[in-house]
Amino acid sequence: MSSELKFTKEHEWIKIKEGVAIIGISDFAQEQLGDIVSIELPKAGGVFRQGQTMAIVDSVKASSDIYAPISGEIIEVNEGLIEKPEMINQSPYDSGWIAKIKPSNMEEEFESLMTKEKYDRYIGEIK
Amino acid sequence: MKIIFEYEEEKNTGHLQKEEEEDVCIELPDDISRKELLPIPNVNEVDVVRHYTNLSRMNFGVDIGFYPLGSCTMKYNPKVNEDAARAEGFSNLHPLSPEVCTQGSLKLMWELKEYLKDITGMDDFTLQPSAGAQGELLGVMMAKAYFRHKGEKRTKAIIPDSAHGTNPATASMCKLETITIPSDPRGNIDIRRYRESLGPEVALVMLTNPNTLGLFDENTIEISDLAHKNGILMYCDGANMNALLGITRPGDQGFDMIHLNLHKTFSTPHGGGGPGAGVLGVKSFLSEYLPVPQVVKRDSGYSLDYDCKKSVGRVRSFYGNFGMHVRAYSYIHSWGTKIRKVSEHAILNANYLQALLKDTFDLAYDRRCAHEFVLSSRRFGEKSALNIAKRLMDYGFHPPTIYFPLIVPEALMIEPTETESKETLDRFVLALKKITSELKEDPEMVKQSPLSTPVGRLDEVAAARRPNLRWRPSQRTNQSGSE
Amino acid sequence: MDYIPATEKDIKEMLNIVGVTSINDLVRDFIPAFTGKMNLPQPKSELELVRHMRGLAHTNKILRCFVGAGAYNHYIPSAVSHLLARGDLFTGYTPYQAEISQGTLQAIYEFQSFICLLTGMDVANASLYEGASALAEAALLSCSYTGRDRIFVKERLHPQYLEVLQTYCEGAELTLTDRIDNDTACVIAQNPDFYGNVENLHYLAEQAHRVGALFTTCIVEPTSLAILEPPGKYGADIVAGEAQSFGIPLSFGGPYLGFIAVKDFLLKKLPGRICGMTTDSRGNRGFVLTFQAREQHIRRERATSNITTNQALMALAATIYLALMGRSGLTTVAKLSYARAHLLNRKLEKAGFRNLNSKPFYNEFVVKAPRSAEELASRLLKKGIVGGVNLGEDNFLICCTEMNSIQDIDDFVSAVAGD
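Predicted model, so just to flag it, every value in this text is computed and none were measured. (Residues numbered from 1 in each chain as written. Chains lettered and ligands numbered in written order. Predicted model: local features only at pLDDT ≥ 70, side-chain atom pairs only at ≥ 80, totals over all residues.)

**Brief notes about the overall build of chain A**
As a reminder, the rule being used: Numbered from the N terminus, helices here are DSSP runs of H or I no shorter than four residues, and strands are runs of E no shorter than two. Restricting the calculation to C-alpha atoms gives the radius of gyration, and the globule rule supplies 2.2 Å times the number of residues raised to the power 0.38.
Summing up its helical and strand segments, chain A has five helices and nine strands in all. Each helix (α) and strand (β) of chain A, taken in turn from the N terminus, gives the series β-β-β-α-β-β-β-β-β-α-α-β-α-α. Its C-alpha atoms give chain A a radius of gyration of 13 Å, within 12% of the compact-globule value 14 Å for 127 residues. Taking the principal axes of the C-alpha coordinates as reference, chain A spans close to 40 × 35 × 25 Å.

Put into structure tokens, the structure is as follows:
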């Protein structure tokens, strides 16, 4: 069973599936960035604290940090994005996922994230 | 247009040096000699000259028209300075020639330093850095060395959010952490936030003055005093010195270091992206950290001094972009004691344009500007700055800097410089106003613009996703003019 | 000279629009106002300026040059400076507006291609300042890629290049090391080295790769690449250096032309500007600056380097030079430089000098003089010759190019041979 999507203020999304957190950036974020042309992915095995920079995505005119939405160890990254970074634009919640993390402090941290409704309200405010 | 590698048939190059009888070539040992034929084409001179002449016709420069590219000071580059730099005595001089042969060059460099000291109010200069960014790098390295000798560990740099991208990039190259300070509603650095960020861990404050909004910071003296009270060095990014010549001096404003871009203020040509020259001035207490060698004047003549124990070393080979020093020196001699007129007219031209345009666009900060100003085209919608810029090309103008500074949405940053006539400025205003009405009447056409340039808008996304960054010999077989 | 077109009438009208009565009203906030007198020269007319500048240039003495050591006296075809003097090329700036900068952009693309073809590498950037700082950028790149902070430098790197590396390392908190081990980010070797020695550096590349370090070849005299094995063939991951030899005047040390080229896997770490080929809205081929998100104006403190202004006009000079010379012309330059250096070396050996090169050399070599360096230099100066770099202990670093005629070589030898 997979959980519902949760979001951060920095526009990452996270979904828990069988104890593993899948991470990507929101549809709003990819739209703001425009055509994504490259991504710097973390290495599997890397350990990040919540809020730490774990990846960088570049569009033609912008460069943006991706922050770890929760703490944990990277167990897999979406290697396909290196060849086809446009998958983040085309399918941000599915084939455009960025990394899978084994959470180390999920109970506490997961609570701090926004639900879909709350996130939609949030982007309504900042638009 | 073909690229040079697509000239199909092998021609006689014409450029062959004559071998003499004594030039017996010894065979190179096999393990170091080139095995494959050097894969560059033989093209005859006439084709080469036509190729690059035709390329030049697809370019825009100050010699072609108005080039109000904010923060770059695209003023006219006097031709006589080019002649000076190309004089045989300068251009054919080897940098390691004995000093009896180099007195003219050394004198020029020494005098140029004296002039720059006077213009900025600094005590000493180095001409070594190759460009502004390298001047900055040197400045930050010197600040680190200074604090190391004082036994202080300082790890942070204060930089306003309106700063050039090079400032934070330079700080980070030197492993300093950046503290970003926002701008206040008048476009000055937010003085309350600035005060809060001061402390014993801050090494330097990097300020552009006038800042990138084209505004002279009204609190400059207070900012310097506060920094100095905390033992912090004041660094001035002198990219905008064209507003200050003879009017006020960074050295008197409390700055301890300043780099100047000779290719901006002192009219050395921008060359399609360089060479520049990023000379660095300092107050006397930092003098001993300057790079070696320094040009000195002795009774016996001019000389290069390598003896400085606290020097940070070198940031490049030899003595700097000497050819640029010649041009800047020649430029300063043409103006001499009347150099203030340059800045006065740069400021007058900018304020004139601002006054004529401030109702058509939104003025980012409603104040009199220095040598440049920033408009926002946000009332014309998203991507309007880009569309206006592209359409300006059809009217024969180079566009202003767009989307910088980052803190102004749909920014158009306009720097006319002093060398433009009132007629040119009036034509530019007319063109901008015409474009704003086109944006309402025929927005699609504006989005398609430019319509009159050698190429239309280019696909930057494809360029980045499927990079083709060089020609390969394998392309020779399936070449074509367009793909 | 005065380059301001505004008349009194214009000024009045403009002040009126701005809403002030004098220019001084516009600068009242620029404090503290400078009220002193500037110690600048009197303004000059163009005629006076020309006389003054000519006078200074004549104070320098241009002699017959046998000095290299990072700056090489090659012939520059006349067409190079004629083309460079075109205002549409040299009065433009960075080609951010591609539609009206195709000339500059295509020339950069051609330059990148020439550098790759000569060095045997995959991709080059649009230029760096000059050789020494280009090498420092290669070291920074290696540290950023490997996540390590130690740099190994092989002996006989140009001493000024070493000084620049030391300065950059100090600033960026990196360390120069004398060991190649698992902490080494990169191994640097100049080829031909400072003494002119040429070597196949395959063994060093292997040593670097064995410990996961990058191998950088530094090229200071690039005409050598016309006849020598390109670094890409013996395992270089990065080639960085100086391309002044390609059509750029000696000009007392600058402006010169730094370059950097890498293998494909390092592309995203490359500093500075890169130009790429693409298509326009009308389906035509065109060129743009690409991968700009690596650069300081977008990434700010996360940029790969702070470089902004580069040496575009010098890169253009090199491109035109290489196009004019072609394979045949450049190969002759290299062969002649090689032949003349060996000829002078042979003649000096006969006159009692001892060659100190441990390996085959290209167009520079080191000799031990049979008499003091000071005496040697002054004898040569009397003949109008700048004879080489004094390395101490009566050792001389001497350079020849196609510019040194057989007559020059004979004059050199006769100046130093007799008693």
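**Here we look at the confidence of the model for chain A**
When pLDDT drops low, the exact placement of atoms in the prediction is not to be read closely. Applied cut-off: On a range of 0 to 100, pLDDT expresses the predictor's confidence in each residue.
Predicted confidence across chain A gives a mean pLDDT of 90, with 97% of residues reaching 70 or more. No element of chain A has a lower mean pLDDT than helix α4 (residues 106-111) of chain A, at 84, and none a higher one than strand β8 (residues 72-77) of chain A, at 95.

**Section: the nonpolar core**
Residue and element names in this part refer to chain C. Stated precisely, the cut-off is as follows: Joining buried Ala, Val, Leu, Ile, Met, Phe, Trp, Tyr and Cys residues through C-beta atoms within 7 Å gives a set, and that set is a nonpolar core. Three exposure classes are used, all based on how many other C-beta atoms lie within 10 Å of a residue's own C-beta (placed from the backbone): buried at 20 or more, exposed at 12 or fewer, and partly exposed between those limits. By the convention adopted here, residues are in contact when the distance between their C-beta atoms, placed from the backbone, does not exceed 7 Å.
Leu135, Ala139, Ile188, Ile260 and Ala318 are the most contacted members of the largest nonpolar core, which totals 326 residues. The leading source of residues in this core is helix α10 (residues 312-350), at 23 residues. With residues up to four places along the chain from it excluded, the contact list for isoleucine 188 reads Leu135, Ala139, Ile151, Phe152, Val153, Lys154, Leu157, Thr216 and Cys218.

**A short note on the interface of chain C and chain A**
Put simply, the rule reads: Three classes are used: nonpolar for Ala, Val, Leu, Ile, Met, Phe, Trp, Tyr, Cys and Pro, charged for Asp, Glu, Lys and Arg, and polar for all others, with Gly counted as polar.
Chain C puts five residues into the contact, and the matching count from chain A is six residues. Of the residues in the side of chain C that touches chain A, the class split is two nonpolar, no polar and three charged.

**Regarding the sheet that holds strand β6 (residues 53-59) of chain A**
Residue and element names in this part refer to chain A. Cut-off, in case you're wondering: Criterion used throughout: strands pair if DSSP finds at least two bridges between them. Fitted lines through C-alpha atoms serve as axes, helices being fitted only where they are in contact, and the angles separating the N-to-C directions of these axes extend from 0 to 180 degrees.
Spatially, three strands are ordered β4-β6-β7 in an open sheet, and the strand pairing comes out antiparallel. The open sheet has two edge strands with one neighbour each: β4 (36-40) and β7 (63-67). Sheet twist, expressed as the average angle between the axes of neighbouring strands with direction ignored, equals 25°. Inspection of the sheet shows β6 paired to β7 by five bridges, in the antiparallel sense. Counted as the bridge partner of alanine 55 is isoleucine 66 from β7.

**Side note on helix α2 (residues 46-59) of chain C**
Short version of the rule: Given a helix with a known number of residues, its expected span is that number minus one, times 1.5 Å. Working note: the arc is built from the helix axis to C-beta atom directions.
Spanning 14 residues, α2(C) covers 20 Å between terminal C-alpha atoms, matching the ideal 20 Å at 1.5 Å per step. Three or more residues of α2(C) are buried, namely C:Leu49, C:Met53, C:Leu56 and C:Ala57. Down the axis of α2(C), the smallest arc covering the buried residues is 100°, so these residues share one side. Of the exposed residues in α2(C), those oriented more than 90 degrees away from the buried face are C:Leu47, C:Arg51 and C:Gly55. Its buried side turned inward, α2(C) meets α2 (79-86), α3 (88-91), α4 (103-120) and α10 (322-335) of chain B.

**Some details on the interface of chain C and chain B**
Each partner contributes residues to the interface: chain C has 166 residues there, and chain B has 173 residues. Ranked by residues supplied to the side of chain C that touches chain B, first place goes to α10(C) with 23 residues. Residues that form the side of chain C that touches chain B fall into these classes: 89 nonpolar, 51 polar and 26 charged.

**Section: the sheet that holds strand β10 (residues 362-363) of chain B**
Residue and element names in this part refer to chain B. The four strands lie next to each other as β10-β11-β13-β12, forming an open sheet whose pairing is antiparallel. Each of the sheet's edge strands pairs with one partner strand only, and the pair in question is β10 and β12 (401-402). Note: β10 against strand β11 (residues 373-376), two bridges, orientation antiparallel. Bridge pairing in β11 places aspartate 362 opposite serine 376.

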